[in-house]
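In case you want the letters, here they are:
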Amino acid sequence: MDIYMMVIADELAEVAESVVEAVNQALADESIRGELIDDRSDEDPQQWRVGLRLSLNKKKWLQQPLNFLFSLCKADKIDFVVGFYEDGEAEDVCYFGHNEGKPDLFEIGTYLGLK
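Residues numbered from 1 in each chain as written. Predicted model: local features only at pLDDT ≥ 70, side-chain atom pairs only at ≥ 80, totals over all residues. Heavy atoms only, no water.

Asks: Describe helix 3 (residues 105–112), and please don't skip the residues or the numbers.
Replies: Since there are 3.6 residues in each turn of an α-helix, residues three or four apart along the chain are aligned in direction. Every buried residue belonging to helix 3 is among I108, G109 and L112, and all of these are buried. Taken down its axis, helix 3 places every buried residue within 100° of arc, on the same side. Of the surrounding elements, those touching the buried residues of helix 3 are strand 1 (2–8), helix 2 (63–76), strand 4 (79–86) and strand 5 (89–97). Where helix 3 begins, the side chain of D104 points an oxygen toward the backbone nitrogen of F106, at a separation of 3.0 Å. G113, located one to two residues past helix 3, shows a positive phi value of around 80°. (Buried < 20%, exposed > 50% of the residue type's maximum accessible area, 1.4 Å probe, protein only. Helix = DSSP H or I, 4+ residues; strand = E, 2+ residues; numbered from the N terminus. Arc of directions from axis to C-beta. Contact = heavy atoms within 4.5 Å. Polar contact = N/O pair within 3.5 Å; in protein donor to acceptor, adjacent residues only side chain to side chain.)

Asks: Break down a negative patch on the surface for me, citing the residues and quoting the values.
Replies: A surface patch of like charges, here negative, comprises E86, D87, E89, E91 and D92. With respect to the helices, strands and loops of the structure, E89 is situated in strand 5. Residue E89 is classed as exposed on the basis of its relative accessible area, which comes to 55%. (Patch = residues over 30% accessible without salt bridge, like charges linked within 9 Å, V, L, I, M, F, W, Y side chains within 5 Å. Areas by Shrake-Rupley, 256 points an atom, 1.4 Å probe, with all protein chains shown as cover. Salt bridge = Lys/Arg side-chain N within 4 Å of Asp/Glu carboxyl O. Lys, Arg positive; Asp, Glu negative; His and termini not counted. Charge placed at Lys NZ, Arg CZ, Asp CG, Glu CD.)

Asks: Give me the side chain of D79: which residues, what numbers.
Replies: With respect to the helices and strands, the residue D79 is situated in strand 4. Here H98 takes part through its backbone nitrogen, which lies 3.0 Å from a polar atom of the side chain of D79. Those residues in contact with D79, other than ones at most four positions away along the chain, are M6, V7, I8, C73, F96, G97, H98, N99 and E100.

Asks: Quick rundown of the nonpolar core? Include the residues and the values.
Replies: Counting 34 residues, the largest nonpolar core has V7, L62, L69 and F96 as the members making the most contacts within it. Counting residues per element, the ones that place at least two in this core are strand 1, helix 1 (12–28), strand 3 (49–55), helix 2, strand 4, strand 5 and helix 3. Sort the elements by how many residues they give to this core and helix 1 lands first, with 8 residues. Among the nonpolar cores identified, the runner-up in size contains 5 residues, and Y4, M6, I37 and Y85 belong to it. (Core = buried A, V, L, I, M, F, W, Y, C linked by side-chain atoms within 4.5 Å.)

So, in structure tokens, the structure goes:
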């Protein structure tokens, strides 16, 4: 299943670069696996898409990316939306972060339909 975890922030323009740098570093040193989402082509920062894309089939593989991204939430005071892609369409399922709180691996995995 293709899953995304994207930043949600009122001032996305202020935090996007630090998130991109942190995700790139984590991917480079293989502390997380996935693909960077970095679509900042729109003039309106609220339309930007910044985060992580993963291909997973089990809940347990969510643990590392969730812990890593939650550390960014605390540092940058941001939240993330978690969702999946189906037939080319994005479907948001839940949120975690500075305002939403610590991610629950079991809950998120269940929402995504992972085993």
